[in-house]
Amino acid sequence: SCDLTVSRIEDDATTGAKNYYVAAGGGSAAHDLDWIRRSAEVGGFDISVTDRTADFGLLNIQGPKAKEVLLAVADSPEEVDLGFSKNKLIKVAGHEVRAIRLTFMGEYGFELHAPAEGLVDVYQALMKEGAQFGIENSGYRAIDVLSAEKGYRHWSEDVRADDSALEAGYAFVMKGFTKATKGNSAPFQGREALEKQKAAGLTRKLQCFTVDPSVPLHGSELILRDGVIVGYLRRAAFGHSINRSIGFGYVAHPDGGVVSVDYLKGAEQWEIEVMGVRYPAKREPKAVFDPKNDRIKGNYTV
């Protein structure tokens, strides 16, 4: 498993070779780079991989005024119009910046990948021009909380090397594993194993739970279904938007059987045990905040 995004960028001006820009999370970059290089070697792919980590920094603008802020700092405002997951090189504070319309917070926003030597200039321009829109700095903890409200997975917590993509709820990104892509057998590493796992039935699934806001969750708390322990929380956060504590963990069947939709829906009671005390919990099959992704689309009127 890897924790990264891949963007198709400009072709090489000299050779015409296709170029891709890979951005990996700080905690998994070395792992991801090694995986790409080893996979390329094993697969016999004719590619070159260059680590540009030290050359760039990332600033993230998220929220209802993200586009207005970017329009205010861009040397050519007309270049800012980007569809979701699209990217473009723009000029900000005299520096060439790659703007990528992505979010890990469930908001309308942009990742700005700027050259390291120009990062301070770009940041200062954002804060100066963004003041009129009420721009504020946010810490990394805010990212954790907002991503939890959206149900976004965290590498090393929600998803590890010993978890499968199907168990983690990633079927929607794999061709042939959803109704919309049924019949598509595009090859990828691990496909055969995942097809066998799907046919046999999953024996555990990642689930989201919420509990009363007075109950603090930190991770490693037990998950109980009708009084029986069926797993433990991998990650936890406090959802300020919903005023509930949020936890994610894998639910298994006590006898090792298949964890079906009926098994999950059929529970009479879910509980989370904290410090020896059991508290009622609600299983959340959808994102607890903005499940229709209206904010990502820029719709803040709902």
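Look above for the structure.
Note that the structure is predicted; figures quoted are calculated from it, not measured. (Residues numbered from 1 in each chain as written. Predicted model: local features only at pLDDT ≥ 70, side-chain atom pairs only at ≥ 80, totals over all residues. Heavy atoms only, no water.)

Engineer: Would you explain the packing of aromatic side chains in this entry?
Structural biologist: Summed over all chains, the structure comprises 6 aromatic pairs. Just above the ring of Tyr21 sits the side chain of Arg98; from NZ or CZ to the centre is 5.8 Å. (Phe/Tyr/Trp six-rings, centres within 6.5 Å; stacked < 30°, edge-to-face > 60°. Lys NZ or Arg CZ within 6 Å of the ring centre and 35° of its normal.)

Engineer: I would appreciate a short explanation of the sheet that holds strand β6 (residues 109-115) in the present structure.
Structural biologist: Spatial strand order, β3-β6-β5-β4: 4 strands in an open sheet with antiparallel pairing. Since the sheet does not close on itself, it has two edges, and those belong to β3 (56-62) and β4 (87-92), each with one partner. Taking each pair of neighbouring strands and ignoring which way they run, the sheet shows an average axis angle of 30°. Relative to β3, helix α3 (residues 119-130) is tilted by about 15°, and along the sheet it contacts β3, β4, β5 (95-100) and β6. (Pairing = 2+ DSSP bridges. Helix = DSSP H or I, 4+ residues; strand = E, 2+ residues; numbered from the N terminus. Axes fitted to C-alpha atoms, helices over the stretch in contact; angles between N-to-C directions. Contact = heavy atoms within 4.5 Å.)

Engineer: Where do I start with the nonpolar core in this structure?
Structural biologist: Considering soluble globular proteins, one finds that nonpolar side chains tend to be buried as a cluster. Residues Ile61, Leu70, Val97, Phe110, Leu112, Val122 and Leu126 are the most contacted members of the largest nonpolar core, which totals 20 residues. Elements represented by at least two residues in this core include exactly β3, α2 (66-73), β4, β5, β6 and α3. The greatest single-element share of this core, amounting to 4 residues, is contributed by α2. Residues in contact with Val122, not counting those within four places in the same chain, are Leu59, Val92, Ala93, His95, Val97 and Ala114. Counting residues in hydrophobic clusters, the runner-up holds 17 residues, among them Val215, Leu233, Val251 and Val274. (Core = buried A, V, L, I, M, F, W, Y, C linked by side-chain atoms within 4.5 Å. Buried < 20%, exposed > 50% of the residue type's maximum accessible area, 1.4 Å probe, protein only.)

Engineer: Would you mind going over unusual backbone geometry with me for this structure?
Structural biologist: Working note: non-glycine residues mostly have negative phi, and peptide bonds are mostly trans. Backbone geometry places Ser85, a non-glycine residue, at a positive phi of 75°. Summarising the element assignment, Ser85 is placed in the loop between α2 and β4. Look at Asp226: it is not a glycine, yet its phi comes out positive at around 50°. Along the chain, Asp226 falls in the loop between β8 (222-225) and β9 (228-239).

Engineer: Could you clarify how one ought to interpret the side chain of Ser245 in this entry?
Structural biologist: For Ser245, the location among the structural elements is in strand β10 (residues 244-252). Residue Ser245 is classed as buried on the basis of its relative accessible area, which comes to 2%. Setting aside residues no more than four positions away along its own chain, Ser245 makes contact with Phe209, Thr210, Val211, Asp212, Pro213, Val215, Pro216, Leu217, Ala237 and Phe238.

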